[in-house]
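Fold and geometry: a report
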Amino acid sequence: MRCCPVLTVDTVVFHEGKVLLIKRGAEPFKGKWALPGGRVECGERVEDAALRELKEETGIDAELVTLISVYSDPDRDPRGHFVSVAFLAVPKGSAEPKAGSDAAEAKWFPLAEIPWEELAFDHAQIIKDALKMLLHLKGEAK
C-alpha cells in the first residue's frame, strides 16, 4: 500500500503555569481534548501554519519559542499517515481563548489538571516532551 504522509502542526502554549487545549468539534476524537493544530497548506511554512491554526482555533496570537520535535508514527492518526511538526509557543497580547474553527471549546488547564486520559492523538507525549524541554531550558538559564 502506498500513501503520501500528510503534513500537520501542533502547538503547545504555556502561560502562567497552564497549557492551552481545545476540545475537538469533529472526528476523529470528537469531544476529546487536543493541542491546537492542523494541516499545513500548500506553499505555507510550518511555522506560519502553527500560528495560523492556533489563531483559528483559539483566537490567540503567539510567538513560537522553539521546535519540540517531529511526530511521525504512521499510526498516530486513525485517518492515515499524518506527520506533525510540534512547536512550543507563548501568547502575545490577550491570552483569553475563544473557540473557533473546528474547536468546540478552548481552555487553559493548570499543569496539575491536564486531562491526560482524554487527550487525542499522541498529544500527551507532545506535552510531556514540551515539559521536559522547559525543565531543560530552565536548567540552562541558571
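The structure this text deals with has already been given above.
The notes below deal with the structure included here. (Residues numbered from 1 in each chain as written. Predicted model: local features only at pLDDT ≥ 70, side-chain atom pairs only at ≥ 80, totals over all residues. Heavy atoms only, no water.)

Looking at the secondary structure, you find Arg52 in helix 1 (residues 46-58). Using a relative accessible area of 17% as the deciding quantity, one classes Arg52 as buried. For the pair Arg52 and Ala104, spaced 52 residues apart in sequence, the C-alpha to C-alpha distance is 17 Å. Every residue in contact with Arg52, bar those within four places of it in the chain, is listed here: Arg39, Val40, Glu41 and Glu44. (Helix = DSSP H or I, 4+ residues; strand = E, 2+ residues; numbered from the N terminus. Buried < 20%, exposed > 50% of the residue type's maximum accessible area, 1.4 Å probe, protein only. Contact = heavy atoms within 4.5 Å.)

All right, on to the layout of surface pockets then. When its volume is computed, the largest pocket comes out at roughly 250 Å³. Surrounding the largest pocket, 19 residues form its lining, Arg24, Gly37, Gly38, Arg79 and Phe121 being those nearest its centre. Among the elements of the structure, strand 1 (6-15), strand 2 (18-24), strand 4 (37-39) and helix 1 are those that each provide at least two residues to the lining of the largest pocket. By residue class, the composition of the lining of the largest pocket is six nonpolar, four polar and nine charged. (1 Å grid on protein atoms, 1.4 Å probe; cavity = no way out; pocket = protein on both sides within 12 Å on 5 of 7 lines; lining within 4 Å. Points joined across faces, edges and corners; volume = space filled by probe spheres on them. Nonpolar A, V, L, I, M, F, W, Y, C, P; charged D, E, K, R; others polar.)

To continue, consider the environment of Asp102. Relative to the assigned elements, Asp102 resides in the loop between strand 6 (82-92) and strand 7 (103-110). Expressed as a C-alpha distance, the spacing of Asp102 and Ala26, which sit 76 residues apart in the sequence, is 6.4 Å. Ignoring sequence-local partners within four residues, the contact set of Asp102 consists of Lys23, Arg24, Gly25, Ala26 and Glu57.

Let's shift gears to the pairing of strand 1. Across the ten residues that make up strand 1, a large majority, seven, are buried. As defined by bridge partners, strand 1 adjoins strand 6 across eight bridges and the pair is classed as parallel. Across the sheet, the residue bridging to Thr8 is Ser84, located in strand 6. Direction of pairing for strand 1 relative to strand 4: antiparallel, over a ladder of three bridges. Within strand 4, the position partnered with Thr8 by the bridge is Arg39. Pairing of strand 1 with strand 2 involves two bridges; the strand directions are antiparallel. Pairing of Phe14 across the sheet is with Val19, part of strand 2. (Pairing = 2+ DSSP bridges.)

The next point concerns the side chain of Thr58. Looking at the secondary structure, you find Thr58 in helix 1. With relative accessibility at 0%, the residue Thr58 sits in the buried group. Polar side-chain contacts of Thr58 include one of 2.6 Å to the backbone oxygen of Leu54. Sequence-distant contacts of Thr58, defined by excluding residues within four places in its chain, comprise Leu20, Ile22, Pro36, Glu96, Pro97, Lys98 and Ala106. (Polar contact = N/O pair within 3.5 Å; in protein donor to acceptor, adjacent residues only side chain to side chain.)

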